[in-house]
Amino acid sequence: MPFQPLYMTESKLTIDGTAFEAEVSGVRLTPTSSSSTWKGLKAGSSFTKGGLATWVVALNLGQDHQLAESLSNFLYDNEGATVPFTLEPIAGGTGFTGTLTVQAADIGGDVDAFGTATVSLPVSGKPTRTIVAIP
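Reference entry: report on the structure contained in this document. Not measured: the values here are computed from a predicted model. (Residues numbered from 1 in each chain as written. Predicted model: local features only at pLDDT ≥ 70, side-chain atom pairs only at ≥ 80, totals over all residues. Heavy atoms only, no water.)

Looking at the overall build of the chain
Each helix and strand counted, the chain has 1 helix and 10 strands in total. Going from the N terminus to the C terminus, the chain shows its helices and strands as β-β-β-β-β-β-α-β-β-β-β. For the chain, whose C-alpha radius of gyration is 19 Å, the value lies well above the compact-globule estimate of 14 Å for 135 residues. Dimensions of the chain along its principal axes, counting C-alpha atoms only, are 65 × 40 × 30 Å. Counting over 135 residues, the chain shows a buried share of 28%. Sequence separation of 24 or more characterises 61% of the internal contacts of the chain that already satisfy a separation of 6 or more. Total accessible area on the chain stands at roughly 9300 Å², and carbon and sulfur atoms take up 55% of it. A gap of 31 Å separates the mean positions of the 7 positive and 12 negative side-chain charges of the chain. (Helix = DSSP H or I, 4+ residues; strand = E, 2+ residues; numbered from the N terminus. Rg over C-alpha atoms; globule rule 2.2 N^0.38 Å. Buried < 20%, exposed > 50% of the residue type's maximum accessible area, 1.4 Å probe, protein only. Contact = heavy atoms within 4.5 Å. Areas by Shrake-Rupley, 256 points an atom, 1.4 Å probe, with all protein chains shown as cover. Lys, Arg positive; Asp, Glu negative; His and termini not counted. Charge placed at Lys NZ, Arg CZ, Asp CG, Glu CD.)

Overview of the nonpolar core
Nonpolar side chains tend to gather and get buried jointly when the protein is soluble and globular. Ranked by internal contacts, the top residues of the largest apolar core, which has 23 residues, are I15, V57, L59, L71 and L75. Elements that contribute at least two residues to this core include exactly β1 (12-15), β3 (24-32), β6 (54-62), α1 (71-77), β7 (82-88) and β9 (116-123). Excluding its chain neighbours within four sequence positions, the residues that come into contact with L59 are L13, I15, V24, G26, V27, L71, A117, T118, V119 and L121. (Core = buried A, V, L, I, M, F, W, Y, C linked by side-chain atoms within 4.5 Å.)

Observations concerning the pairing of β6
Burial of the side chains of β6 is restricted to one face: W55, V57, L59 and L61 are buried, whereas none of T54, V56, A58, N60 and G62 on the reverse face is. Relative to β6, β3 is paired through 8 bridges, and the arrangement is antiparallel. Looking at the pairing, G26 lines up with N60 of β6. (Pairing = 2+ DSSP bridges.)

What about the environment of A105?
Topologically, A105 is positioned in the loop between β8 (95-101) and β9. Judged by its relative accessible area of 19%, A105 falls in the buried class. With 14 residues separating them along the chain, A105 and V119 place their C-alpha atoms 5.4 Å apart. Apart from residues lying up to four places away in sequence, A105 is in contact with L61, L75, A117 and V119.

Comments concerning a nonpolar patch on the surface
On the surface, a cluster of nonpolar side chains totalling about 270 Å² of accessible area is made up of L6, M8 and I90. Inspection of the secondary structure assignment puts I90 in the loop between β7 and β8. (Patch = residues over 30% accessible without salt bridge, like charges linked within 9 Å, V, L, I, M, F, W, Y side chains within 5 Å. Salt bridge = Lys/Arg side-chain N within 4 Å of Asp/Glu carboxyl O.)

Spelled out as structure tokens, the structure:
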């Protein structure tokens, strides 16, 4: 099978059942892993173990505080709530689902520029992959 690198266009992002892809310019499911090492006094007595990754949904978004249903207002109004999400990097292709905790995003910005924000939304556990074969 020939390799097909991911090209982010026409992606789908739903949070709590609402499609927000038109308000997002970038989305990443980002794992963070940790490890711990214990060393003894004798040479060779060193032990390292890795833990399971923690995940976040990282978003780059355009701010809209006028539209009641905007992502900016959703994040502000629902801070602390746990809600389902779905990300399809290629719409109709393999997707990832899970539950995230809503965090508020930046408000405001620089003169003569669009108001943008970045936010990292913690995911409960590991996202579930839903595989869809694309011919």
